[in-house]
Amino acid sequence: MNQTEWAALALLVAVLLVPSASIYGYDLWLDAQKLDEEVQVVWITGWAAENGGWSPSEITLRKGVPAKLIITSADVTHGFHVPDLGLDSGPIAPGHKAVIEFVPEETGTFTFRCSVFCSEGHQSMVGKITVVE
Amino acid sequence: MAATRWHVRDFFSSLILHRGKFDLLQIGIINRLLKHRAFQYAAMMVNLFVFWVIILSGFFGSPVGNRNISIVFVWILWWFALIVLMVPLLSRIWCTMCPLPAFGEWLERRALVKKRSAFKYLSLRKPWPSKLNNIWLQNLGFLAIATFSALLVTRPVVTAIVLLILFVVPVFLVLIYSRRVFCRFICPVGGFLGLFSMFSALELRPKDKTLCRNHMTKECVRGNDNGYGCPWIIYPGGLERNNYCGLCFECIKTCPYNNLALNLRSFGGDILAKTGRALDEAWKSFIMLTLAGLYILVMQGPWGVLKDWSNVFWAPPYGWALTGVGGFLPYVGIFWGLSLAVTPSVFFLFTGASKLASGVRSVPLKKLFIDFSYELIPLALMAWIAFSIPLLLVNWSYIVNALLDPVGLGWNVFSGLYVPWTPLIPAVIPYLQSIVLAVGLAYSIKYSYRLAKQNFPEGKAALKAFLPQVVFLTFVSMIFLWLFMG
Amino acid sequence: MLKRQLLAGAWFTLLIVFAALFYAPSASGGEVVTVHITARQFAYEPGRVVVNQGDTVVFVLETVDVTHGFYIDGYDVDVRIIPGETQTVTVVADTPGKFKIRCSETCGALHPFMVGEFIVLRSGVNIAFLGAAFGLVGVVLAATAYVWRRGD
Ligand code: SF4
Ligand code: SF4
Ligand SMILES: [Cu+2]
Ligand SMILES: [Cu+2]
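Residues numbered from 1 in each chain as written. Chains lettered and ligands numbered in written order. Predicted model: local features only at pLDDT ≥ 70, side-chain atom pairs only at ≥ 80, totals over all residues. Heavy atoms only, no water.

Participant: Outline the coordination of the copper ion (ligand 4), listing residues and values.
Facilitator: Residue and element names in this part refer to chain C. Every protein donor of the copper ion (ligand 4) is accounted for by His-68 (ND1), Cys-103 (SG), Cys-107 (SG) and Met-114 (SD), and the metal-donor separations fall at 2.0 to 2.4 Å. Between the four donor atoms coordinating the copper ion (ligand 4), the angles at the centre fall across 93 to 126°, so the site counts as tetrahedral. If you list the donors of the copper ion (ligand 4) from N- to C-terminus, the spacing comes out as H-x34-C-x3-C-x6-M. Separated by 46 residues along the polypeptide, His-68 in strand S5 (residues 68-72) and Met-114 in the loop between strand S8 (97-102) and strand S9 (115-121) bring together distant segments of the chain. Overall, the relative accessible area of 0% leaves His-68 in the buried class. According to the relative accessible area criterion, Met-114 is buried, its value standing at 1%. (Donors = N, O, S within 2.8 Å, 3.2 Å for Na, K, Ca; no water. Tetrahedral: all angles 85-135°; square planar, octahedral: opposite > 155°, others 65-115°. Helix = DSSP H or I, 4+ residues; strand = E, 2+ residues; numbered from the N terminus. Buried < 20%, exposed > 50% of the residue type's maximum accessible area, 1.4 Å probe, protein only.)

See below:
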C-alpha cells in the first residue's frame, strides 16, 4: 500500500471513531458526574404515562449532599414537580432540559409528579424521591 | 480572469454549436477534479461521516424526531437537497457521493483510492440473475419502505436501523455478485433516482459513438491503470440515457481518447431515448406519481384517520373504529392497490383511447402503454418537488437547532441558543407548489406529443393520439392542485 | 380556424367570469362565526374549516390529550391549547385561499404532520383554487397549442 492509501485508511478510521468515541465519552462523563462525592447528579427523563412514565421513577438521595436533577422530556411537554420539597421545573418541551439544584434537608419519601397535563394518563405519571442519611 | 471570460464565451458558443449542450469537462478545474482518483473517495467520506453521526444519533440520541439530526438531516435536509436540487439539475450526482455502497466497493477493490489490478478483486463475481435484471425489486422495495414512511420519518431509531441495513446489505452483495448490483437492482432510492434523472439537466455521454464502437479494448468496460471498469455494469460508450449511470466518473478516467463528455443539456432529454424502455420503468412512474399524491394527502392533509392508519401500531385511546393494525392493513391496501393497479389501469384506459383516436392499428397497445408512461416523469418529479417545498420552508428551524445540539440530548454547543419554530412564507407555499406543478405539466405535455410522434410519424395521427394523454395529465394535475389549494 | 376562434372565445369568457368574481365585492361574509375545534394526536376535528371572506371567526379550541398548538399560515395566529382549558382566538378572515393550520407544540411522533385547513371563500367559491385551476387549464392549452404548431 502506498502513502495515499494509508492516509485514506487513517481518515476512514477517524471518521468512524471520532463520533462514536465522543458519544461514548459523553456517557462516561455523565457517569463520572453521577459519582461525584460533592454533588449528587440524577438524570430523569419524562415519558407520557402510556410510554412508561418517569424514567427512573424512583431515586435515592443522600441527606445534606447538594443534589442536581437534570430533567428532560422525551415525547411531549412535561413538567417536574415535587410539592413537598417545593421544587418545580415548569414546562419542559421535548428534547429540552431543566436543571434543579437543591440540598435535601430531611429524610423521608417525597412524591414527584408531572405538572403539565401531558396525556390521558397524566395523573399516573408519578415517581418518588427517597432521602436517606 | 481571462480564462474565465474564455469559458463564458465558450459556454454560449457550445450551446449553439452542440445542440444546446455544454461539456463541463472543458472547464479545467472540473476536469482535473473528476479525473482525480481521490475525488469520489473524498465525496463519499464526507457523507459517510454525516450518515455515521446520523446512525449513532438515531440509536443514542433524543427519541424526539424534530430534535434529532437523524430525522432532521435525512428527511428534511437530505431529502430536499436530493429531490429539489440534485436530481433535476445534476442527475445521479448523489450516487457519486453516496456512502451506502462504499464499504462493499472498497472491500472488493481492496483499495480506497488507488486502482488495483483486476486479478485481485475480492468477490465471487457471480452473474446477477437475469430475471432480476430490471428495477422491479426497487419498485417493490420503495413501495414497502414508503408504506412505513410515517414510522421512518418520525422515529430516529427506525431511520437509524434502516440506514444500518442499507450499509450492510451492499457489502454482502458485492462479495457475491461484485460491483454496484445493490445500486442497480436493490437500492430503494436508486430506482427513482434513475427514473427522474432522465429529466435532469446533466448527462454523461460518449462524444463520438463510432469511436467507441471501433475501440477494440473497450477500456471503459474493462478498466485500465487509470481506473476501474464501469462499476455500474454498463457500457459507457453506448450511453443514451442517465438511468443507470451512477456518475462515478471512472470512465472519464479510463477512456484513452477522452471521448466522454459531461454535458449540461435541456431538461427531459432522455425521455425520448428509445432504448431501455420497459414495463418495470413504466410502473416506477406509476408508483412515484401515485405516492406523491398519497404522501401529500396523508402527511400534509387534514385527515386524522389517515395519519392514525399510517402510524402502524399506534392507536389513539379515544375512539376510532379502525386504528392500529386494523387500520394499517387498509392503508397498505390503498398504497399498494392505487400505485400498482389503479393508476396503471386508468392510464391504460387513456392509452387505449389514444390508440383508438389515432386510427392507426399497427402500433401494439403494449408498446404505446410503455412509451407514453415516460411522459409522466416530469409531472411526477415536479409533484415530489412540490411535496418537498413545505418540508424545508416550514421546518427549517429544526435544522438549525439540530446543528446546535446534534443528538438532541441537550448538549447544545452554543448553550441556550434555540431557534423557535417559525415557518417561512407559509401562506405562499400553495402558490409555489401550483407553479411547480404547472411546470411539470407543461413538460409532460410537450413530451407526450413527442412520444406520440415517435409512434405515429404519419400525418395527424400523433395529434389525435396525444389528446387523450393531455386529458389524463390534466386530470392528474387537477387532483394535485386540489390537494394544494382546494 | 373557426374552431380555434371558438376555443379562444370560450376561454376569454371564462376569464371574464373569473375576473368578475375576483373584483366584485364578496357576496357573502361579514358574519361572526364560532368554530369549535378539538385537537388530538395528530389531527384537528374538524380538519377543514370553511368560512367566507370578511367573516370574523372565533375559534374555540380544546384538546383531548396532550398540549397542542394552533398556528395558521399567513394569519398571525399562534396559540397553545392546554389540556383541560378552553382557548379562544379570533381571526378576521380577510385573505381568501386555503391556509394550513399547524400544530406548533411538539406533541408526539407525528407532530410535524398535524395539520388542519382553514379555507376562506370569496362569493361562496374558493377563488384561489378556481384561479389556479383556470391557470392550469391555460397552461394546458398553451402547451398543447405550442406542440401542435411546432409539431406539424
Ligand atoms: S443507488 Fe442507492 S446506494 Fe447506490 S449510490 Fe445511489 S443512492 Fe447510494
Ligand atoms: S458510465 Fe462511467 S460514470 Fe457512469 S457509472 Fe459507468 S463508469 Fe461510472
Ligand atoms: Cu407529563
Ligand atoms: Cu399537536
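Following the structure, the description resumes.
Participant: How would you summarise the interface of chain C and chain B if you had to cite specific residues and measurements?
Facilitator: Taken together, the contact between chain C and chain B spans 43 residues of the former and 52 residues of the latter. At the boundary of chain C with chain B, total buried surface from both sides reaches about 3800 Å², with 70% on carbon and sulfur atoms. If you look at where chain C meets chain B, you find one salt bridge. Asp-308 of chain B is the partner of Arg-40 of chain C in a salt bridge, and the nearest nitrogen-oxygen pair spans 2.9 Å. When contributions to the side of chain C that touches chain B are tallied by element, the ones reaching two or more residues are strand S2 (43-45), S8, S9 and helix H2 (127-151) of chain C. Residue composition of the side of chain C that touches chain B, by class: 23 nonpolar, 10 polar and 10 charged. (Contact = heavy atoms within 4.5 Å. Buried area = accessible area lost by both parts, 1.4 Å probe. Salt bridge = Lys/Arg side-chain N within 4 Å of Asp/Glu carboxyl O. Nonpolar A, V, L, I, M, F, W, Y, C, P; charged D, E, K, R; others polar.)

Participant: How would you sum up the sheet that holds strand S4 (residues 56-63) of chain C? Please name residues and give values.
Facilitator: All names here are of chain C. Spatially, four strands are ordered S2-S1-S4-S7 in an open sheet, and the strand pairing comes out mixed. Edge positions in the sheet fall to S2 and strand S7 (87-92), since each of these pairs with one other strand and no more. Taken over all neighbouring pairs, the strand axes of this sheet differ in orientation by 30° on average, direction set aside. As judged from the six bridges shared by S4 and S7, these two strands associate in the antiparallel manner. The residue bridging Leu-61 from the neighbouring strand is Gln-87, located in S7. (Pairing = 2+ DSSP bridges. Axes fitted to C-alpha atoms, helices over the stretch in contact; angles between N-to-C directions.)

Participant: Explain the interface of chain A and chain C to me, using residue names and the numbers behind them.
Facilitator: Counting residues at the interface gives nine residues for chain A, matched by 10 residues for chain C. A buried area of about 630 Å², summed over both sides, lies between chain A and chain C, and 58% of it is on carbon and sulfur atoms. In this structure, the connection of chain A to chain C is made through zero salt bridges. Along the contact surface separating chain A from chain C lie zero residue pairs in polar contact (both at pLDDT 80 or more). When the residues that make up the side of chain A that touches chain C are grouped by side-chain class, the tally is five nonpolar, two polar and two charged. (Polar contact = N/O pair within 3.5 Å; in protein donor to acceptor, adjacent residues only side chain to side chain.)

Participant: Requested: an account of the side chain of Thr-254 of chain B, with residues and values cited.
Facilitator: Residues and elements named next belong to chain B. Structurally, Thr-254 can be placed in helix H14 (residues 250-254). Its relative accessible area of 1% is what places Thr-254 among the buried residues. Leave out the neighbours within four places in its chain, and Thr-254 touches Glu-219, Cys-220, Gly-223, Asn-224, Asn-226, Gly-227 and Tyr-228.

Participant: Describe the site of ligand 2, naming the residues involved and giving the relevant values.
Facilitator: By nearness alone, 13 residues border ligand 2, and Cys-230, Cys-245, Cys-248, Phe-249 and Cys-251 of chain B come closest of all. Class assignment for the residues of the shell around ligand 2 results in 12 nonpolar, one polar and no charged. (Near = heavy atom within 4 Å.)

Participant: Kindly report on unusual backbone geometry, identifying the contributing residues and their values.
Facilitator: Looking along the chain, the bond that leaves Ser-55 of chain A and enters Pro-56 of chain A is cis, with omega of 0°. The omega angle of the peptide bond from Gln-41 of chain C to Phe-42 of chain C is 0°, so this bond is cis rather than trans. Within the secondary structure, Phe-42 of chain C is located in the loop between strand S1 (32-40) and S2. One non-glycine residue, Leu-247 of chain B, lies in the positive phi region at around 45°. Assessed through its relative accessible area of 3%, Leu-247 of chain B is described here as buried. In this structure, Ile-425 of chain B is a non-glycine residue whose phi angle is positive, near 30°. Here Ile-425 of chain B lies in the loop between helix H19 (376-404) and helix H20 (429-455). Judged by relative accessible area, which is 45%, Ile-425 of chain B ranks as partly exposed.

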